[in-house]
Amino acid sequence: MRLNGIDERLERHQYPATTQDIITAHGNAHVELADGSERLEDVLSRLGEETFERPEDVYDAIRTGVCHRGVGRRFYSDRDPDAIGETGPTQISF
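Structure report, in brief. Remember, it's a predicted structure, so these values are computed and weren't measured experimentally. (Residues numbered from 1 in each chain as written. Predicted model: local features only at pLDDT ≥ 70, side-chain atom pairs only at ≥ 80, totals over all residues. Heavy atoms only, no water.)

What about the overall build of the chain?
Worth spelling out the cut-off: Secondary structure is summarised from DSSP: a helix means a run of H or I of at least four residues, a strand means a run of E of at least two, and numbering begins at the N terminus for each. Each residue's exposure class comes from its accessible area (1.4 Å probe, protein chains only) as a fraction of the maximum for that residue type: buried when under 20%, exposed when over 50%, partly exposed otherwise. Note on contacts: a residue pair is in contact if any heavy atoms of the two residues lie within 4.5 Å. Throughout, the Shrake-Rupley method with a 1.4 Å probe supplies accessible areas, and for residues the shown protein chains are the sole cover considered.
Helix and strand content of the chain: four helices and four strands. Its helices and strands taken in sequence order, the chain reads α-β-α-β-β-α-β-α from the N to the C terminus. The buried share among the 94 residues of the chain stands at 30%. The long-range share in the chain, meaning contacts at least 24 apart out of those at least 6 apart in sequence, stands at 57%. Total accessible area on the chain is roughly 6800 Å²; 45% of this is exposed by carbon and sulfur atoms.

Comments concerning the side chain of His13
Short version of the rule: Two N or O atoms count as a polar contact when they lie within 3.5 Å, although within protein this holds only if one can serve as hydrogen donor and the other as acceptor, and sequence-adjacent residues are included solely when both atoms are side-chain atoms.
By the secondary structure assignment, His13 is in the loop between α1 (6–12) and β1 (17–18). In this structure the side chain of His13 is engaged in a polar contact, spanning 3.1 Å, whose partner is the side chain of His26. Beyond its immediate chain neighbours, meaning those up to four positions away, His13 contacts Asp21, Ile22, Ala25 and His26.

Observations concerning helix α2 (residues 19–26)
To keep it simple, the criterion reads: An arc is given here, and it is the one of the directions from the helix axis to the C-beta atoms.
Of the residues making up α2, those classed as buried are Thr19, Ile22, Ile23 and His26. The buried residues of α2 occupy an angular sector of 100° when projected down its axis, which confines them to one face. Of the surrounding elements, those touching the buried residues of α2 are α1, β1, α3 (40–45), β4 (51–52) and α4 (55–65).

So, the environment of Thr19
By the secondary structure assignment, Thr19 is in helix α2. Spatially, the C-alpha atom of Thr19 lies 8.8 Å from that of Leu47, the residues being 28 residues apart in sequence. In this structure, Thr19 is in contact with Leu44, Gly48, Glu49, Glu50 and Phe52, ignoring residues within four places of it in sequence.

Quick notes on α4
Among all positions of α4, only Pro55, Asp57, Val58, Tyr59, Ala61, Ile62 and Gly65 are buried. The inward-facing, buried residues of α4 abut α1, α2, β2 (30–33), α3 and β4.

A look at the pairing of strand β3 (residues 36–39)
Short version of the rule: Strands pair, by our definition, only if DSSP identifies at least two bridges between them.
In this structure, β2 lies alongside β3, joined through four bridges in antiparallel fashion. Counterpart to Glu32 in the pairing with β3 is Ser37. Here β2 hands over to β3 after two residues, the two strands then running antiparallel side by side.

Put into structure tokens, the structure is as follows:
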């Protein structure tokens, strides 16, 4: 995920700020995802109304709110057990 300059804009924004304040000021900006992009307004709207105390809080909300196109391979886990008939690598404990 790339913020495409949104981070710089959010750093200059006045805090505390509500979700609606951020959407009004920066909602048309696009977040670049692994598979396409999404408007900041769409990302933040999924999370409901919140008050952000600092830019880092908004970054956390963006990471939480991106759609499935922002997470790479959906439903992939390298921690799943082997399927019946498969043999995987030997487990190593560190």
